[in-house]
Amino acid sequence: MTKILISPKKGAQGVGAGVWNIGPGRDPFGGPTRAEIPILDRIPLLAGAGITYLEAHDIELPAHDVPEAKQRLEKHGMKAGMYTPSFFADPIFKDGAMTSNDVAVRKKAVENAKAAVDATVQLGAKVMVFWNGREGFDFVLAKNGQKAFRRLIEGFNIVGHYALEQYGNKAPRLAIEPKPNEPRANMYLSNVGEALYLISRLDPKVQPLYGVNPEIAHSRMAGLDYLWEIELCLEAGKLFHIHLNAQDATRYDQDLPFGYLEPVKDLALCVVLQDAGWEGILAFDVKAPRTDIQADLTDILTTSAANLQRLWTKAAEVDRGKVRRFRETQRYTALAGYLTACLY
Ligand SMILES: [Mn+2]
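Residues numbered from 1 in each chain as written. Predicted model: local features only at pLDDT ≥ 70, side-chain atom pairs only at ≥ 80, totals over all residues.

A. Looking closely at the overall build of the protein chain. Counting its secondary structure elements, the protein chain contains 11 helices and 10 strands. Radius of gyration (C-alpha) of the protein chain: 20 Å, near the 20 Å computed for a compact globule of 344 residues. Oriented by its inertia axes, the alpha-carbon framework of the protein chain measures out at about 55 × 45 × 45 Å. Among the 344 residues that make up the protein chain, the fraction classed as buried is 45%. Pairs at least 24 apart in sequence give 77% of the contacts found in the protein chain among residues at least 6 apart. (Helix = DSSP H or I, 4+ residues; strand = E, 2+ residues; numbered from the N terminus. Rg over C-alpha atoms; globule rule 2.2 N^0.38 Å. Buried ≥ 20, exposed ≤ 12 C-beta atoms within 10 Å, placed from the backbone. Contact = placed C-beta atoms within 7 Å.)

Following this line, the structure appears as structure tokens:
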């Protein structure tokens with residue numbers, strides 16, 4: 001399949017997806033339903049689905065696999081878009097990483113993050129994401145929340161200074177991805193506002209390195225409006241990356257195809273990104289459901305991409321003058337009707 005080009009769009013052309021998007025169908029209640037495809041062998045599958053930018057965790061694509069991954073990416077006309085340290089899979093992080101009550105675990109988290117900065121640079125990715133993973137709590141008083149927050153400040157400061165010392169102005173941008181719950185009942189950095197507050201508390205020298213990677217499904221899980229969360233990032237100059245998908249309200253983390261369930265909001269999101277001159281990658285964080293068979297593994301990506309292409313094109317056609325007039329006259333119901341008409 002040919003690369004998916006979102007046009008007209010400045011900056012990074014093509015769309016991104018994670019190697020984890022096309023996993024073997026595991027969930028908390030059952031093992032895999034499909035054969036597990038080796039990580040590097042997922043590259044041609046992603047390319048075949050029209051994806052341009054690869055995203056991966058350190059546990060999926062360890063540093064020693066980076067040279068091989070780069071070769072394969074080049075062969076398939078792809079690039080690395082984002083790399084991220086896993087602070088959740090290794091049992092050592094069972095009670096968090098940077099916020100663990102165990103100083104040895106906190107140290108290990110910071111070391112892993114530094115190594116991930118190196119791998120991000122070696123891969124040529126411009127963004128490294130921190131997802132809060134197991135940073136949080138299931139039992140009250142299990143952690144001192146105030147201390148936990150200061151541990152995050154301390155950890156992110158160390159990683160930021162390391163990136164600056166090693167790479168100067170070539171350091172990758174570091175984007176925090178908020179999530180309200182799963183796998184913890186209560187997670188630190190649960191929404192965009194918390195992530196922005198944390199950044200405001202970092203050493204001013206490293207603050208410019210840090211931004212946010214908002215994800216549609218994570219906002220919806222908390223019952224929040226993702227358009228507002230993304231606009232908050234834009235207003236702060238901190239939209240460093242974006243994870244597109246869909247989510248059935250406040251249920252478990254589903255990672256459904258982008259453009260499904262709330263297309264009017266997705267249309268509005270495309271309008272906002274276009275008007276903001278978004279130049280970064282448009283990346284999917286979706287998950288092939290366990291009911292999809294191996295032959296249909298990339299349906300989750302091709303469906304997301306087709307929806308994105310349609311919505312992006314329709315968003316470009318939304319008459320901004322009309323929207324402005326509806327705002328000025330407070331005709332919000334008529335505005336709703338207009339947007340719906342644009343969609344259908
Ligand atoms: Mn994500």
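B. Geometry of the pairing of strand E2 (residues 53-57). In terms of burial, E2 is largely enclosed, as five of its five residues are buried. Of the two faces of E2, the one carrying Tyr53, Glu55 and His57 and the one carrying Leu54 and Ala56 are both buried. Of the strand pairs in this sheet, strand E1 (residues 15-18) and E2 are connected by three bridges, and their pairing is parallel. From the neighbouring strand, Gly16 faces E2, where its bridge partner is Tyr53. As for the winding sense of the linkage, the β-α-β connection from E1 through helix H1 (residues 42-48) to E2 is right-handed. This β-α-β element, E2 to helix H2 (residues 66-75) to strand E3 (residues 79-84), shows right-handed connectivity. (Pairing = 2+ DSSP bridges. Right-handed = clockwise from strand over helix to strand, strands pointing away.)

C. Seen up close, the sheet that holds E3. The strand order E8-E6-E4-E3-E2-E1-E10-E9 describes an open sheet built from eight strands, whose pairing is parallel. In this open sheet, the two edge strands, each paired with only one partner strand, are strand E8 (210-212) and strand E9 (243-244). Relative to E3, E2 runs parallel, the two sharing five bridges. Its bridge partner lying in E3, His57 is registered against Thr84.

D. Region of the structure containing the nonpolar core. Ranked by size, the top nonpolar core spans 95 residues in total, and within it Val15, Leu54, Tyr83, Val212, Ala283 and Leu308 carry the most contacts. The biggest single contributor to this core is helix H3 (residues 103-123), with eight residues. When sequence neighbours within four positions are dropped, the list of residues in contact with Ala283 reads Val15, Gly16, Ala17, Tyr53, Glu55, Gly81, Met82, His241, Ile242, His243 and Leu244. (Core = buried A, V, L, I, M, F, W, Y, C linked by C-beta atoms within 7 Å.)

E. Just the environment of Gln166, in detail. Relative to the elements of secondary structure, Gln166 occurs in helix H4 (residues 145-167). Gln166 sits 52 residues away from Lys114 along the chain, and the two C-alpha atoms are 10.0 Å apart.

F. Seen up close, unusual backbone geometry. Cis geometry is found at the peptide bond from Glu182 to Pro183, where omega equals 5°. Relative to the assigned elements, Pro183 resides in the loop between strand E6 (173-177) and strand E7 (186-187). Despite not being glycine, Glu182 has its phi angle at roughly 75°, a positive value. Along the chain, Glu182 falls in the loop between E6 and E7. Although it is not a glycine, Asp255 sits at a positive phi angle of roughly 55°. Assignment of secondary structure puts Asp255 in the loop between E9 and helix H8 (263-275).

G. Broad picture of H3. Here H3 spans 30 Å end to end across 21 residues, near enough to the 30 Å set by a 1.5 Å rise per residue. Buried within H3 are the following residues: Val105, Ala109, Val110, Asn112, Ala113, Ala116, Val117, Ala119, Thr120 and Leu123. Buried-residue contacts for H3 involve H2, E3, strand E4 (127-131) and H4. (Expected span 1.5 Å × (residues − 1).)

H. Spatial organisation of the environment of Arg106. Checked against the element boundaries, Arg106 lands in helix H3. Along the sequence, Arg106 and Pro214 sit 108 residues apart, while their C-alpha atoms lie 25 Å from each other. Once you skip the residues sitting within four places of it in the chain, Arg106 turns out to touch Met98, Ser100, Arg151 and Gly155.

I. Molecular detail of the environment of Glu231. Note that Glu231 resides in helix H7 (residues 226-235). In this structure Glu231 comes out as partly exposed when scored by C-beta crowding, with 18 C-beta atoms within 10 Å. Between the C-alpha atoms of Glu231 and Ser86, which are 145 residues apart in sequence, the distance is 27 Å.

J. Expanded view of the packing of H8 against helix H9 (residues 299-317). Interhelical geometry of H8 versus H9 gives an angle of 65° and a closest axis separation of 8 Å. Our pair here, H8 against H9, has a crossing hand that is right-handed. Contacts from Pro263, Asp266, Leu267, Cys270, Val271 and Gln274 in H8 reach Leu311, Trp312, Lys314, Ala315 and Ala316 in H9. Taken together, the residues of the contact of H8 with H9 sort by class into eight nonpolar, one polar and two charged. (Axes fitted to C-alpha atoms, helices over the stretch in contact; angles between N-to-C directions. Left-handed = near helix turned anticlockwise from the far one by under 90°. Nonpolar A, V, L, I, M, F, W, Y, C, P; charged D, E, K, R; others polar.)

K. Expanded view of the confidence of the model for the protein chain. In the predicted model, the protein chain carries a mean pLDDT of 97, and the fraction of residues at 70 or more is 100%. By mean pLDDT, the top-scoring element of the protein chain is E8 (99), and the lowest-scoring one is H9 (97). (pLDDT = per-residue confidence, 0-100.)

L. Focus on the pairing of E6. Extensive coverage of E6 is indicated by the burial of five of its five residues. Going residue by residue along E6, you find Arg173, Ala175 and Glu177 tucked away on one face and Leu174 and Ile176 tucked away on the opposite face as well. Sheet analysis places E4 next to E6, joined by five bridges and oriented parallel. Counted as the bridge partner of Val129 is Ala175 from E6. In the sheet, E6 pairs with E8 via three bridges, with the strands oriented parallel. What sits directly across from Ile176, in E8, is Val212.

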